[in-house]
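Here are the chains, one letter per residue:
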Amino acid sequence: MSSKRQSMMPPPPKPPTSLSSTITIAEHASLIGTHLIAIGSNTVVHPRSKLNSTYASITIGNNCIISERSQIGLQGEPEGEERDGILIENGVVVEVGAVVEARHIGEGCVVEVNARIGKGAVLGKHCKIGPLCEIADGEVVPNFTVVFGNGMRRVDRSGIEDLKLKMVRRQVEILRKLIPSKPDKFQ
Amino acid sequence: MSFTPYTYFQCPCTESNLPTRRLGENASTEEEESDQDDRTFDPRAPRANYSLYPLEYLLYCEDCHQIRCPRCVLDEIVTWYCPNCLFEVPSSTVKSEGNRCTRSCFQCPICIAPLSVSSTEAPPEGLGAEHATQNGPYVLNCAYCAWSSKEIGIQFDKPNGIFAQLSKIQNGGKPIVTPRERRKDREERTRDTSGSTMNEDGVVEDLPGIMNLDPHELLDAESQFSNLKAFYQSQLADSSPASALGFTGEYGYGSPGALSRIMGLYTGGSFAEKKAKSKKGAMREAQDALEGLQITSPASEEKAVNRLLSEGWESTASAVQKKEQSYNTHFVSDLRPIAHLLRTKRSKRCRTCRHILSKPESKVQTTRFRIRLVALNYIPSISIKPLQPATLGRETFLTPMKPTQFLLTFKNPLFDNVKVNIATPASTPGRFSSKVTILCPQFEVGANTDAWEEALREGGGKGTEREKKRTKAEASEGQNQAEAGKIWERGRNWVSVVVEVLPASLKIEGPEFMRSEELKKDDGPLREDEDVVEIPVFVRVEWEADVAHDDTAGLTATSRDKEAKEKRELAYWCVLGVGKIIQD
């Protein structure tokens, strides 16, 4: 039985954070970088999620769910001038393994498992990016769009957005009971 | 592109020499028959495609002692079931209702994901929220593309029996008159108007049970078909002559009236003809929508075009979406949920002896088989791997003119020892023929006994025995030299032998002596898959089996007179796909 080897690298920089008092953030969530990370009220950040503010700041709204292994934040050096940070609105669900480098994610969006959102992309309100789907860099996705399958898109006109937001809020309530929160580690 | 070596087995069903008698060619057919035995199997022949299967696809008939492939077995349906709700559908229901699920199993017309039924009411809050049932109007929802039946204007009153409710609503909420209702209405009309007179429009006074159907109604395809069919049947009934027994000619050839009718044709002569002509009325065509007539108006086309212009490309249904719909739909808002197709569980029979080879359990939830005679349990499986573990990058490619050695492992599934004989032509058939040498064409493979059984039989010396075997194997491996006539390695129920392949050069314009006969005749460019080395191997397996005893076995082992051992043999062709040759 070997003991864990300590890494020789210096520990990653701890970013300045502005965390609301009512968030649930797991101990093993990873927040690294140099820019500000702001997280709104009632949001749940799962363990092993990676919030990387090395290249730009991250702002997450209220009632969001950031799942395991998801990567929020610019992953590489942006071309051109200094980018605006990532802004994620209220009620957004980022599923397992998703990579979000977008500039703006509208309210109530759902980014499904292993989806990729490119740098500088803008997602409208209540969009649904299906599993393994990709949004190109800089792309603007209109409100209520559903991206699924092999690049297929359609506009969702079912009118049940409020219902969906309610369901997200319920999910947040349940997750708060399941995930022990340690915001002090990140203050 | 990487290449995985494969082994395909040939089913004997394609080899059967069905005697086709052609007049004046008796001599040649005999020649052909003897030729086939000598002729080696050519995996590149176009026909070979249809007879080669991986071992996992093949079944084995115990009575005929032959391999059976999916093409030569007879299928019989055991059960019909819906793959979504796993409900077993009796075959009588399938005959009457059709081959789709008639409960609540639907696929999204946009993305074919399964649809779920949910209430449009807001979810209940507070205590006991999970147990409260909701009875708002119900809709079908797609979890993948977020489509909902609200988008086509359809809502349901009950959460079950969606199929029946759906058949009564059109897109947009208006009710459909189902063909069944139309039929009832027609029956009512004919019963009622047999005495009374009818207006020309066909509109009758309001009587209970009769619907006020518009004679210029725009019918959907199903209703139009049922109306037309009923109309033509009535026309035929009116115009065709009644036979001697009073039945109309409609009943076909199977009825008792048919015989007398046919006899009447021969014996009646002119008398019957006159009778027939007098009775015959003129048949007419349909006059209105009630009878199935639909007049296309140019206005309907204009409507569709205008809609296309205003709504744009996104509103049209794609070809894949249209294919699943029963009616000709142009727009996405005309798409309807697709009922799931029922699936079957089938049992397979041998074509010659009608013995059941594979029979699944009729219960849908169990995936077991009652009878399962698969070839994997009867014939030795062959696996290929290169003798020298390949370096990265050049893994699956063969260099032309460089002898490469492959290890063939034969695994024996039977409980008896088998003797295996393998043979292959010296050069592979085809334009670019590689030279193949089998270093050990004859060997014996041990029985597939349990490891424990073998250990118990060995007794005390088991430890040393096994060790001895291992060191011997290691010794031969350590040499890294395959010797002709010797097997490479042996295990409890498997043996591996070495095959050496000299891949051909793929150059079409090469020196004359290097080119095969076929290449000289046909020097076109390299075709697809011609660079794959495929070796046809003829395998003959011999073993001694206990004679099958149908009566009580097991307990009466001691009372059996003799241990009758029957010598059995099985021979078949295989094709080994060994690797791809690099182009030089």
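Our structure is the block above this text.
Residues numbered from 1 in each chain as written. Chains lettered and ligands numbered in written order. Predicted model: local features only at pLDDT ≥ 70, side-chain atom pairs only at ≥ 80, totals over all residues. Heavy atoms only, no water.

1. What to know about the overall build of chain A
At step 1: Along its length, chain A carries one helix and 21 strands.
At step 2: The globule rule puts the C-alpha radius of gyration for 187 residues at 16 Å, and the 16 Å found for chain A is close to it.
At step 3: Dimensions of chain A, computed from the C-alpha atoms along their principal axes, are close to 55 × 40 × 35 Å.
At step 4: At a minimum sequence separation of 6, the contacts of chain A that also span at least 24 residues come to 27%.
At step 5: Looking at chain A as shown, the accessible area adds up to about 9700 Å², and 53% of this sits on carbon and sulfur atoms.
At step 6: Here chain A contributes 23 positive and 20 negative side-chain charges, whose respective centroids are spaced 7 Å apart. (Helix = DSSP H or I, 4+ residues; strand = E, 2+ residues; numbered from the N terminus. Rg over C-alpha atoms; globule rule 2.2 N^0.38 Å. Contact = heavy atoms within 4.5 Å. Areas by Shrake-Rupley, 256 points an atom, 1.4 Å probe, with all protein chains shown as cover. Lys, Arg positive; Asp, Glu negative; His and termini not counted. Charge placed at Lys NZ, Arg CZ, Asp CG, Glu CD.)

2. Some remarks on the overall build of chain B
At step 1: On a plain count of helices and strands, chain B comes out with 12 helices and 23 strands.
At step 2: Partitioning the intrachain contacts of chain B with sequence separation of at least 6 by distance along the chain shows that 67% fall at a separation of at least 24.
At step 3: Summed over its atoms, the accessible surface of chain B is roughly 37000 Å², and 52% of this surface lies on carbon and sulfur atoms.

3. A word on the side chain of Lys-119 of chain A
All names here are of chain A.
At step 1: Examined against the element boundaries, Lys-119 turns out to sit in the loop between β15 (116–117) and β16 (122–123).
At step 2: The class for Lys-119 is buried, based on a relative accessible area of 17%.
At step 3: At a separation of 3.4 Å, a polar atom in the side chain of Lys-119 contacts the side chain of Glu-101. (Buried < 20%, exposed > 50% of the residue type's maximum accessible area, 1.4 Å probe, protein only. Polar contact = N/O pair within 3.5 Å; in protein donor to acceptor, adjacent residues only side chain to side chain.)

4. Re unusual backbone geometry
At step 1: With a phi close to 50°, His-126 of chain A is a non-glycine residue in the positive phi region.
At step 2: As for its position among the elements, His-126 of chain A is in the loop between β16 and β17 (128–129).
At step 3: The backbone phi angle of Ile-112 of chain B is positive, close to 50°, even though this residue is not glycine.

5. Brief notes about the interface of chain B and chain A
At step 1: Chain B puts 15 residues into the contact, and the matching count from chain A is 15 residues.
At step 2: Connecting chain B to chain A are zero salt bridges.
At step 3: The residue makeup of the side of chain B that touches chain A, split by class, is 11 nonpolar, one polar and three charged. (Salt bridge = Lys/Arg side-chain N within 4 Å of Asp/Glu carboxyl O. Nonpolar A, V, L, I, M, F, W, Y, C, P; charged D, E, K, R; others polar.)

6. Description of the pairing of strand β12 (residues 356–360) of chain B
At step 1: With respect to burial, β12 of chain B is a largely interior element, four of its five residues being buried.
At step 2: The turn linking strand β11 (residues 343–350) of chain B back onto β12 of chain B is made up of five residues, and Arg-354 of chain B within it adopts a positive phi angle of 60°. (Pairing = 2+ DSSP bridges.)

7. Description of the side chain of Glu-534 of chain B
All names here are of chain B.
At step 1: Assignment of secondary structure puts Glu-534 in strand β22 (residues 532–546).
At step 2: A polar contact is formed between the side chain of Glu-534 and the side chain of Tyr-6, at a distance of 2.5 Å.
At step 3: If we skip the residues at most four places from it in the chain, Glu-534 touches Tyr-6, Pro-43, Arg-44, Thr-428, Val-575, Leu-576 and Gly-577.

8. Describing the pattern of salt bridges
At step 1: Counted by the stated rule, this structure contains 14 salt bridges over all chains.
At step 2: Residue Lys-128 of chain A pairs with Glu-112 of chain A through a salt bridge whose shortest N-O separation is 3.9 Å. Placement of Lys-128 of chain A in strand β17 and of Glu-112 of chain A in the loop between β14 (110–111) and β15 is noted, with a sequence separation of 16 residues between them.
At step 3: By relative accessible area, which is 17% here, Glu-112 of chain A ends up buried.
At step 4: Where Arg-431 of chain B meets Glu-530 of chain B, a salt bridge forms, and the shortest distance between an N and an O atom there is 2.8 Å.

9. Remarks on the packing of aromatic side chains
Residues and elements named next belong to chain B.
At step 1: This model, assessed by the stated rule, comprises 10 aromatic pairs over all chains.
At step 2: A centroid spacing of 4.5 Å and a plane angle of 25° characterise the contact between Tyr-6 and Tyr-8, whose relative ring orientation is stacked.
At step 3: Its relative accessible area of 18% is what places Tyr-6 among the buried residues.
At step 4: Between Tyr-60 and Tyr-378, the aromatic rings sit 4.4 Å apart at their centres with planes inclined by 15°, giving stacked as the arrangement. On the criterion of sequence distance, the pair formed by Tyr-60 in strand β3 (residues 59–61) and Tyr-378 in the loop between β13 (369–372) and β14 (381–386) is long-range, its members being 318 residues apart. No difference in accessibility class separates Tyr-60 from Tyr-378, as the two residues are buried.
At step 5: An aromatic cluster of three or more residues is present, and its members are Phe-3, Tyr-6 and Tyr-8. (Phe/Tyr/Trp six-rings, centres within 6.5 Å; stacked < 30°, edge-to-face > 60°.)

10. Thoughts on helix α1 (residues 161–178) of chain A
All names here are of chain A.
At step 1: For α1, with 18 residues, the first-to-last C-alpha span of 26 Å sits near the 26 Å given by 1.5 Å per residue.
At step 2: Within α1, the full set of buried residues consists of Glu-161, Leu-165, Val-168, Val-172 and Leu-175. In a view along the axis of α1, the buried residues occupy a sector of 80°, so they form one face of it. Facing away from the buried side of α1 by more than 90 degrees, the exposed set consists of Asp-162, Ile-174, Lys-177 and Leu-178.
At step 3: Among the structural elements, β5 (44–45), β8 (65–66) and β11 (93–94) are those in contact with the buried residues of α1. (Expected span 1.5 Å × (residues − 1). Arc of directions from axis to C-beta.)

11. Comments concerning the sheet that holds strand β13 (residues 104–105) of chain A
All names here are of chain A.
At step 1: Strand order in the open sheet made by the seven strands is β1-β4-β7-β10-β13-β16-β19, with parallel pairing throughout. Bordering the open sheet on either side are β1 (17–19) and β19 (140–141), each of which pairs with just one other strand.
At step 2: Across two bridges, strand β10 (residues 86–88) lies against β13 in parallel orientation. Bridge pairing in β13 places Ile-88 opposite Ile-105.

12. A look at a positive patch on the surface
At step 1: There is a patch of like positive charges on the surface, built from Lys-158, Lys-168, Arg-180, Arg-183 and Lys-184 of chain B.
At step 2: Topologically, Arg-183 of chain B is positioned in helix α4 (residues 179–193). (Patch = residues over 30% accessible without salt bridge, like charges linked within 9 Å, V, L, I, M, F, W, Y side chains within 5 Å.)

13. Brief notes about helix α5 (residues 221–239) of chain B
At step 1: Over its 19 residues, α5 of chain B extends 27 Å from the first C-alpha to the last, a length consistent with the 27 Å expected when each residue adds 1.5 Å.
At step 2: Within the span of α5 of chain B, buried status applies to Ser-223, Ser-226, Asn-227, Phe-231, Gln-235 and Ser-239 of chain B.

14. Description of the nonpolar core
Residue and element names in this part refer to chain B.
At step 1: Residues Ile-379, Phe-410, Ile-422, Phe-443, Val-539 and Tyr-572 are the most contacted members of the largest nonpolar core, which totals 55 residues.
At step 2: Among the elements that line this core, the one with the most residues is β22, at seven residues.
At step 3: Dropping the residues within four chain positions of it, Val-539 is found in contact with Ile-382, Val-420, Asn-421, Ile-422, Leu-570, Ala-571, Tyr-572 and Cys-574. (Core = buried A, V, L, I, M, F, W, Y, C linked by side-chain atoms within 4.5 Å.)

15. A closer look at the pairing of strand β3 (residues 30–33) of chain A
All names here are of chain A.
At step 1: In β3, alternate side chains face the same way, and those of Leu-31 and Gly-33 are buried while those of Ser-30 and Ile-32 on the opposite face are not.
At step 2: In the sheet, β3 pairs with strand β6 (residues 50–53) via four bridges, with the strands oriented parallel. Pairing of Gly-33 across the sheet is with Ser-53, part of β6.

16. Re the sheet that holds β3 of chain A
At step 1: Here six strands make up an open sheet; going across it, the order is β3-β6-β9-β12-β15-β18 (chain A) and the pairing parallel. Both outer strands of the open sheet, β3 and β18 (134–135) of chain A, are each paired with one neighbouring strand and no more.

That's the geometry; what it means functionally is another story.
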